[in-house]
Structures are given as structure tokens and as C-alpha cells.
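Here are the chains, one letter per residue:
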Amino acid sequence: MALNKEEIAKRIAQEVQNNYFVNLGIGIPTLVANYIPKGIDVEFQSENGVLGMGPFPFEGEEDADVINAGKQTITALPGASFFDSGMSFGMIRGQHVDLTILGAMEVAENGDIANWKIPGKMVKGMGGAMDLVASADNIIVAMMHVNKAGESKILKKCSLPLTGVGCVKKVVTELAVLEITPKGFKLVERAPGVSVAHIVASTEADLLIEGDIPEMVID
Amino acid sequence: MINKKVNSVQEALQGIQDGMTLMLGGFGLCGIPENAISELVKKEVSNLTCISNNAGVDDFGLGLLLQKKQIKKMISSYVGENAEFERQMLSGELDVELIPQGTLAERCRAAQAGIPAFFTPAGFGTEVAEGKEYREFNGKMHLLEHAFKADFSIVKAWKGDTAGNLIFKGTARNFNPCMAGSAKITIAEVEELVEAGTLDPSHIHIPGIFVQRIFQGEKFEKRIEQRTVRQK
């Protein structure tokens, strides 16, 4: 069975280590905050200017002056801080943020990522994504393996305008966990009940497959 | 003490003319100078170039200026929340320069700090890099980006004093501190304007030297773009 979005988020949450500062993009990445394993201390950074972001406020306690980068009302946890956009991207470019999790439209076998523009159709802008992918050492992409038309988004080469070059290290999709190596995508885990053949058939890029590929463990 | 206080938004915006370049603080609808934006609509200034992270929504924030076609060019990082914006951009009515958010912030800050240009890794290898100088530092490629040049900067703060000192609240801080002092004239719109000496100097986020005019906004709607809550 292919994973749903919550299960993709659960699998990615296993990558978060103790004492990490983490920046979560919009979409599936936002869900990762709900599944951080017990005993792991993390602080979430939102690039609009908060470190120590907490859950949504209780109804009636929303503050228009306290939002995340997705413009959602949020809360600040004990120990949180607010700061300006210049300092926020100083944290990002200065590699003080340990892990960046973001969505993508396409990822290529050399680590290129495209997620901000479909020429002539959709132009929303890159927001902070270009700064994040150009700066972070540790980038995990959360995405669907194929688009709505059934075409692979895991490619030999991106077809859409790039957000960053050679930067993605790991991709988690509804079908598989892939690592990007100097030789291209390496299949490291498959979704429970999904065959290697199915993953290969759903992937435009070549996959390095060594030995038995274990199933993801998702509780 | 040099008194920066002006008594109305009309007085604060004096000198803003057709064809000028304005910086406007805010992230989404959070921390935007909403009283000044309403007055820009009333003033009917046009052909503006606006530097602002976002373009508001259809009926609030900079969306109000877009509706009246007062903006010729937008320099932003993300404009996904505004359908009218997307329509004007795709039809070619509106000139748009999309740039990485951290680069946007740093180009403001560079202008404030007298740094004409700087290198950043953001955007290398993408269409943002087209026509730009680049250089390798520590084994990594970087783009040369330039400080903005703007006529007016309009920022929004929570509290301010008559000396122009500013204090921000929560994530309404965002681009506002980076834009203060980044244009020829900076106008600060505040929720509460107090006499100089009232605020603790240790709590000031932006010193008054970066602000030429300060006024208290008449009313603040502070619209929430995505109201997300959890149940008790």
C-alpha cells in the first residue's frame, strides 16, 4: 500500500534527531511536527521570524501578529524568540538550522530540485525555498512519487525551472525512501506491500538497488 | 531630541509621487502598514514600484493598490495569495521580479547598512542567477546581489516614540526592521505612539535615526490570512 501524506510525515519524523533546529516547508512537511518521536527535543524555525514555534492556538486565542511562513496562526513555546527576516535568513544561510524539510514538484538524480514555478501556468514565487536549499546541508524532500497524470516526479533531469542545484540528500514519497548518491538515486526503503518492480516502474530516473530492500517501519 | 512625529497619515506620506519606488514592510498581511496603504489608494499615486515580500490578498494590503492598477512593478518573493496579481502578471500588465526571500531581506538590510552589494548562495544555478556575477567562496558558488535603492520605506511597528524609536511585536516584525532606514525617507506607522523617554532604551528594536516620520495609525484591522486553531 502506498503511504498517505500523514504516513510520509511519520516516516520523515524518524529522521529528526535530538536537539535539531528544523525548518518545515508548507504541505506534507508541516505535518512532520505532529509525529516527532517521544524523547526527541527539537525547535521549529519558521522563516518569517520565529524559533520555537508551537501548535495552533486554541480557538479565541489567535493573534494576528503571531503566524508561521504559511500565514497560519500559531503559538510560541516557552523559550521561543521572534526576530526580523534578515536575521532569520542569517540563521538559514549561516547553517544554524540543522534540517530542512520541503516539498517539490520534481527532484533529479543529481540532487536538483524544482518547486516554485510552472512557466505560463503557476507563478507563486520561491519564497524562502531558494535560500533554504542553497544553504542547508541536510535537506529532505517530502513529495508524491508521481503527479496527477501518473508521471514520475523522480527524474534524470528536472524539466521545470530549478529552485536549487545538487542540494537534495533524501526523498520520501508514498512509495519509497530514496537517497541521492554520487551515482544517482539509491532505493533504501519501500512502502509496506509495495514491490521494487512497482517503484522502478513509477520512476523515470534509474535506481540503484542493492540486495533486499526493506519495508519502511511506520507505527 | 529630534521630533519625528507627524499628526496624520496624509502628512506622513507627503512627497510620494507617481513613478517612485517604495519599500513596504510585512509578511503576508502580518505587520503591514495598513493605514499608509489605504492612504496611497486615496492619493491615487500610480506607476509605483513596490518592494514587499508579498502582494497582499485581493481586497487587503497591497492588493488594494493592485486593484486600482497603481503598481507598475512588484519586487517580491511570494505572491501566491493574490488572484488579481497572478492575472495581471500572466497578462503582462504588471512587471514582476521574484527574488529569494533571504536575498530580499538582505538587499534591504544592505541598503540600510551602506553595503552596496553582497554575495549569497541563494539562486545559483536557477533563473534568478541570469545575468548576475558569480564567484566561488569555500568551494561553493555565490551570486552578487545589490542593495535596493528606494525613495520611501514604509514600515509598521507596534510601539514607537516621538524620537522615531520602534518596537515590534511577534512575527509582525518580519521585514520591517530591515526596511527602516533603507530608503531616502522612512515612514513608520505605529499602533501606539508615546513621548520620547517612555520606552526603555534597552527594549528598542530600531533606533530613531533610521526613521524620518512617525505617526499613529487611526485603526488597525490586522486581518488574519489563515486562521488555524485547535480544540480545547
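Residues numbered from 1 in each chain as written. Chains lettered and ligands numbered in written order. Predicted model: local features only at pLDDT ≥ 70, side-chain atom pairs only at ≥ 80, totals over all residues. Heavy atoms only, no water.

A. Here's a closer look at the sheet that holds strand 11 (residues 154–155) of chain A. Within the open sheet, the 3 strands sit side by side as 7-6-11 (chain A). Their pairing is mixed. Every interior strand has two partners, whereas the edge strands, strand 7 (113–114) and strand 11 of chain A, have only one. (Pairing = 2+ DSSP bridges. Helix = DSSP H or I, 4+ residues; strand = E, 2+ residues; numbered from the N terminus.)

B. Layout of the packing of helix 3 (residues 85–93) of chain A against helix 5 (residues 101–113) of chain B. Helix 5 of chain B packs onto helix 3 of chain A with a crossing angle of 125° between their chain directions and a minimal axis gap of 9 Å. In terms of orientation, helix 3 of chain A lies oblique with respect to helix 5 of chain B. At the point where helix 3 of chain A passes helix 5 of chain B, the crossing takes the left-handed sense. Across the interface between the two elements, Ser85, Gly86, Met87, Phe89 and Arg93 of chain A of helix 3 of chain A pack against Gln101, Gly102, Thr103, Ala105, Glu106 and Arg109 of chain B of helix 5 of chain B. (Axes fitted to C-alpha atoms, helices over the stretch in contact; angles between N-to-C directions. Parallel < 35°, antiparallel > 145°, perpendicular 65-115°, else oblique. Left-handed = near helix turned anticlockwise from the far one by under 90°. Contact = heavy atoms within 4.5 Å.)

C. View of the nonpolar core. Grouped together as the largest cluster of nonpolar side chains are 51 residues, with contacts concentrated most on Val32, Val107, Ile113, Val141, Val171 and Phe185 of chain A. For Val107 of chain A, the residues in contact, after removing those within four places along its chain, are Asp112, Ile113, Val141, Met143, Lys153, Ile154, Leu155, Cys158, Val168, Val171, Ile180 and Phe185 of chain A. Residues Val123 of chain A together with Leu29, Ile32 and Leu40 of chain B belong to the second largest nonpolar core, which totals 41 residues. (Core = buried A, V, L, I, M, F, W, Y, C linked by side-chain atoms within 4.5 Å. Buried < 20%, exposed > 50% of the residue type's maximum accessible area, 1.4 Å probe, protein only.)

D. Inspection of the pattern of salt bridges at higher detail. Per the counting criterion, the structure on display carries 25 salt bridges over all chains. Between Glu106 of chain B and Arg93 of chain A there is a salt bridge, and its shortest N-O distance comes to 3.4 Å. Note that Glu106 of chain B is positioned in helix 5 and Arg93 of chain A in helix 3, a pairing that runs across two chains. The partner of Lys222 of chain B in a salt bridge is Glu191 of chain B, and the shortest N-O contact between them spans 3.2 Å. Of the two residues, Lys222 of chain B is situated in the segment after strand 11 (213–216) and Glu191 of chain B in strand 10 (residues 185–194); the sequence distance between them amounts to 31 residues. (Salt bridge = Lys/Arg side-chain N within 4 Å of Asp/Glu carboxyl O.)

E. View of the packing of aromatic side chains. One pass over the structure, following the stated rule, counts 2 aromatic pairs over all chains. Consider the rings of Phe124 of chain B and Tyr134 of chain B, whose centres lie 5.8 Å apart with planes at 65°: the pair is edge-to-face. Here Phe124 of chain B, found in the loop between strand 5 (117–120) and strand 6 (134–137), pairs with Tyr134 of chain B, found in strand 6; they are 10 residues apart in sequence, far enough to count as distant. The cationic tip of Lys156 of chain B hangs over the ring face of Phe220 of chain B; the distance from NZ or CZ to the ring centre is 5.2 Å. Just above the ring of Phe58 of chain A sits the side chain of Arg230 of chain B; from NZ or CZ to the centre is 4.0 Å. (Phe/Tyr/Trp six-rings, centres within 6.5 Å; stacked < 30°, edge-to-face > 60°. Lys NZ or Arg CZ within 6 Å of the ring centre and 35° of its normal.)

F. Broad picture of helix 4 (residues 83–90) of chain B. Where helix 4 of chain B is concerned, the buried positions are Phe85, Glu86, Gln88 and Met89 of chain B. What you see down the axis of helix 4 of chain B is that its buried residues fit within an arc of 165°, all on one side. If you follow the buried residues of helix 4 of chain B, they end up packed against strand 9 (122–123) of chain A together with helix 3 (63–67), strand 3 (71–76) and strand 4 (95–98) of chain B. In the segment just after helix 4 of chain B, Gly92 of chain B is the residue with positive phi, at about 85°. (Arc of directions from axis to C-beta.)

G. Examining the interface of chain B and chain A more closely. Each side of the interface is counted separately: chain B has 51 residues, and chain A has 51 residues. Buried area between chain B and chain A, summed over both chains or domains, comes out near 4300 Å², and the portion from carbon and sulfur atoms is 58%. Looking at the side of chain B facing chain A, the largest losses of area belong to Thr171, Thr228 and Arg230 of chain B, adding up to 16% of the total buried there. The interface formed by chain B and chain A holds 7 salt bridges in total. If you look at where chain B meets chain A, you find 27 residue pairs in polar contact (both at pLDDT 80 or more). Contributing elements (two or more residues each) for the side of chain B that touches chain A: helix 4, helix 5 and helix 6 (176–179) of chain B. (Buried area = accessible area lost by both parts, 1.4 Å probe. Polar contact = N/O pair within 3.5 Å; in protein donor to acceptor, adjacent residues only side chain to side chain.)

These figures come from the coordinates and say nothing about function on their own.
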